[in-house]
Amino acid sequence: MARKLLLAHIDVPGIHTFDVYRQNGGYRAVEKALRTMSPDEVVEEVKKSGLRGRGGAGFPTGMKWGFLAKPEGVPRYLVCNGDESEPGTFKDRYLMTYIPHLLIEGMIVSSYALGANTSYIYIRGEMMPQIHIVEKAIAEAKAAGFLGKNILGTGYDLEIHVQPGGGAYICGEETALLESLEGERGNPRIKPPFPAVAGLYGCPTVVNNVESIAATVPIVNDGGEEYAKIGIERSTGTKLISASGNLVRPGVYEIEMGLPMEEFIYSDEYCGGIANGKRLKAVVAGGSSVPILPTHLALKTANGEPRLMTYESLADGGFVTGTAMGSGGFIAFDEDQCIVRNTLNFTRFYHHESCGQCSPCREGTGWMEKVLHKIEYGYGDISDIDLLWDIQQKIDGHTICPLGDASAWPVASAIRHFRDEFEWHILHPEEAQTRNYGLVGEVVES
Amino acid sequence: MADEKFKVTIDGIPVEVAPGTTILNAARQVGGDIVPPAMCYYSKLEGSGGKCRTCLVKVSKGSEKDPRPMPKLVASCRTTVMDGMEVQNITSPDVLEARKGVVEMLLINHPLDCPVCDQAGECKLQDLSYEHGVSQTRYEFKRRTFEPIDIGDNIKLHMNRCILCYRCVYVADQLTGKREHGIINRGDHAEISTFIENALDNDFIGNVIDVCPVGALTDRTFRFKSRVWFTKPVDAHRDCPTCSGKVTLWYKGEEVLRVTARKDEYNEVEAFICDTCRFDKKKTVDWILEEPTPISKQSVIDANHYNVFSPPPVIKKNLQLQEANEEQLERTERLK
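Residues numbered from 1 in each chain as written. Chains lettered and ligands numbered in written order. Predicted model: local features only at pLDDT ≥ 70, side-chain atom pairs only at ≥ 80, totals over all residues.

**Some remarks on the overall build of chain A**
Scanning chain A from N- to C-terminus turns up 19 helices and 12 strands. Computed over the C-alpha atoms, the radius of gyration of chain A is 22 Å, within 12% of the 22 Å expected from 2.2 N^0.38 for a compact globule of 446 residues. Once the C-alpha set of chain A is aligned to its principal axes, its extents read approximately 75 × 45 × 40 Å. Across the 446 residues of chain A, 57% fall into the buried class. If you take every contact in chain A between residues at least 6 apart in sequence, the share linking residues at least 24 apart comes to 71%. (Helix = DSSP H or I, 4+ residues; strand = E, 2+ residues; numbered from the N terminus. Rg over C-alpha atoms; globule rule 2.2 N^0.38 Å. Buried ≥ 20, exposed ≤ 12 C-beta atoms within 10 Å, placed from the backbone. Contact = placed C-beta atoms within 7 Å.)

**Overview of the nonpolar core**
In globular proteins that are soluble, nonpolar side chains generally tend to be buried together. Ranked by size, the top nonpolar core spans 199 residues in total, and within it Val79(A), Leu103(A), Val109(A) and Val208(B) carry the most contacts. The leading source of residues in this core is helix α18 (residues 403–427) of chain A, at 10 residues. Contacts of Leu103(A), omitting those with residues within four sequence positions, involve Leu95(A), Met96(A), Val134(A), Val210(A), Ile213(A) and Ala214(A). Counting residues in each nonpolar core, the second largest holds 16 residues, with Val234(B), Val256(B), Cys274(B) and Cys277(B) among its members. (Core = buried A, V, L, I, M, F, W, Y, C linked by C-beta atoms within 7 Å.)

**Section: the interface of chain B and chain A**
At the junction of the two partners, chain B supplies 25 residues and chain A supplies 23 residues. The element best represented in the side of chain B that touches chain A is helix α2 (residues 93–108) of chain B, accounting for 6 residues. Its residues assigned to classes, the side of chain B that touches chain A comprises 14 nonpolar, 4 polar and 7 charged. (Nonpolar A, V, L, I, M, F, W, Y, C, P; charged D, E, K, R; others polar.)

**Re the sheet that holds strand β7 (residues 155–157) of chain B**
Pairing between the strands of a sheet is mediated by backbone hydrogen bonds and can be parallel or antiparallel. Pairing within the open sheet is antiparallel, and its 3 strands lie in the order β6-β7-β10 (chain B). Every interior strand has two partners, whereas the edge strands, β6 (149–150) and β10 (217–219) of chain B, have only one. (Pairing = 2+ DSSP bridges.)

**Considerations on the sheet that holds strand β10 (residues 280–284) of chain A**
Residues and elements named next belong to chain A. Within the open sheet, the 5 strands sit side by side as β9-β8-β12-β10-β11. Their pairing is mixed. This sheet does not close on itself; its edge strands, each paired only once, are β9 (251–256) and β11 (292–294). Adjacent strand axes in the sheet meet at a mean angle of 30° when their direction is disregarded. Relative to β11, β10 runs antiparallel, the two being bridged by 3 bridges. Bridging from a neighbouring strand, valine 283 pairs with leucine 293 of β11. (Axes fitted to C-alpha atoms, helices over the stretch in contact; angles between N-to-C directions.)

**Considering the domain arrangement of chain A**
Residues and elements named next belong to chain A. What the domain assignment lists for chain A is domain 1 (18–229), domain 2 (240–334) and domain 3 (339–434). Using only C-alpha atoms to locate each centre, domain 1 and domain 3 end up separated by 35 Å. With 10 residues of domain 1 in contact, the opposing surface of domain 3 contributes 9 residues. The class makeup of the residues in the side of domain 1 that touches domain 3 is 7 nonpolar, 2 polar and 1 charged. (Domains from an automatic or database assignment.)

**Details of the environment of Leu249(B)**
Residues and elements named next belong to chain B. Here leucine 249 shows up in strand β12 (residues 246–252). Since 25 C-beta atoms lie within 10 Å of it, leucine 249 is described here as buried. In this view, leucine 249 contacts Val234, Ala236, Val256, Val259 and Trp287; residues no more than four positions away in its chain are not counted.

**Quick notes on helix α2 (residues 28–36) of chain A**
Residue and element names in this part refer to chain A. Among all positions of α2, only Ala29, Val30, Ala33 and Leu34 are buried. An end-on view of α2 places all buried positions within 110° of arc, on one side of the element. Exposed residues lying more than 90 degrees from the buried face of α2 are Arg35 and Thr36. (Arc of directions from axis to C-beta.)

**A short note on the pairing of strand β13 (residues 255–261) of chain B**
All names here are of chain B. Where burial is concerned, most of β13 is hidden: 5 out of the 7 residues are buried. Inspection of the sheet shows β12 paired to β13 by 6 bridges, in the antiparallel sense. Looking across to β13, one finds that threonine 248 is bridged to threonine 260.

Spelled out as structure tokens, the structure:
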């Protein structure tokens, strides 16, 4: 049985309440950090742990905290990014629903480390139940003296506010989130300046994912070195994976970094294989924006080594034969799924969610959706594939924020790995309406 | 360290600029072909820029201290220079290709109704697409469309033509103090709109017309009066209690068809003007003429170019005006 750090007590009945959480060792990290450690020591432990941002980019959290500017007389803020909107990712919602106090505990520890006296949890508006749960958890923690003025008699003050978002994907981008939090239109800011220098209300700010903040709790409890023992290389600790798609047992799993992807899909401890005895066709390993991989590249890297669930192994081969860890939104496709349709679905999402600030993303995402729509519904032209390739190239890397890149990568990878399926769609428009392409190289001409 | 200078090389041309200068402004100090085009950046509007992505450049050397190149193309209007930075603009095929892509994207939802657009002839999008675009579009779908609406007594909004540069939003924010329009919706369905039941009504709101790089915001008092290249721009001024009063009058024959602020070579106004000057003072008697506005040889407005502007007869008839325009009259006599 793999070690569980975040979801260790998830099955305890009533763990969402303060009392049960406390009886199961909750808020030990707050006591330890506030009573025995200085803020810098907490930052040092997080640096030692090698924890990397769980929101998608995988930037080392300790390093991010180290960048925080600390001018005199200016407040600093910690903002928790709970605007989880990536298609395929639902781990933060799970965490906030079932074990909200873990997030609150992490928020207190992290805020203490950063010297923030006001912290925000930004949760997307669709997650109303989770907002209520987290607000209730905050009230409970406050009643127990873990929030408010002079926490545990240590002289440290902290208030945590929950801010519901409007449900825009773009507000998960850290600077757009800050704009939204300030009450402005959620347009990403142009960086630099980075939030660590001028973030919320122009003050130094750290924005962290829900899971990253929760992970600081075991790091403080057991020490950063202990945490770093889990996992391999620069991918340390455990990671929540939201598995969905054609799996026997989809759901949120906490894995140790370094688990082979094959084991994750087929082992009974995790997803239990592909549903209905079908074969695996493709995998999106980290949420809709990371490149999709066909089975042979998903289970083995281009060198023939087993593909592991780590930042490095998933990225092995770059975007040509690899993918990325992303936010851990694991989507499995069986042989009956249509890649063209799926790509259209993803692109429609990005078209809908583009903020419209910069031209390539605003216009390009809509264009790609229209071309894909045309191909999917049997009006495609063979030159449309090259057109799509060219459009995604014109978006990738030319935009203010990563949404442009995120919209380009799924299209690029789908064409790169499943070009034959696109061609089949275009050459057999009527047949494509009635049946699916199936696995690569298996098409029987009818 | 006030006079400390950073040395930057843009397309092989070295220039020394003050720290904090953006790459675009450093290039403007050099001038000529190497200046990246800018559709959304406006030096007089704080916070503008970074949106249109036409000014993308490649930074092939970050700085003297950290010579690594930047991984992506950067928006030159919002990237400040570092000492020893090397920038490639027109010498980089990547940049030209990316810019071509941006121009194509800007045009896919643009109606291309230049034949009936008041901005034609002084439109930055026209210039940009002539320079960087291709003659045919690969876009074969329906374009997004809106009905033209009046968003104020004197301002017409053609949302179809808008490229969402946000300049007019910044003008309203920074010049008028009370913004009554903004961007609603997201993505390619985003549009400029006034807040519910509000009209743009402010002493300085007419400036949104001047900052608009395309024909999305046009002057209703000039609407369909003339093609811009049939008019002759003349610099003039008046003693205005609210603004600097320094304007350009656009004459057709003896009639002033339009009043705008004076613009520099990058199409930016020198000083914002008030709505009274812009919309209400359309008689020669209101103004003291200076001289013909210098117009770039590349511009279509230069087509029927001229050096001498002959003052309308109204000046010769009116003694007071004669006195006020003495210098101009003398100059005209001299050049005859």
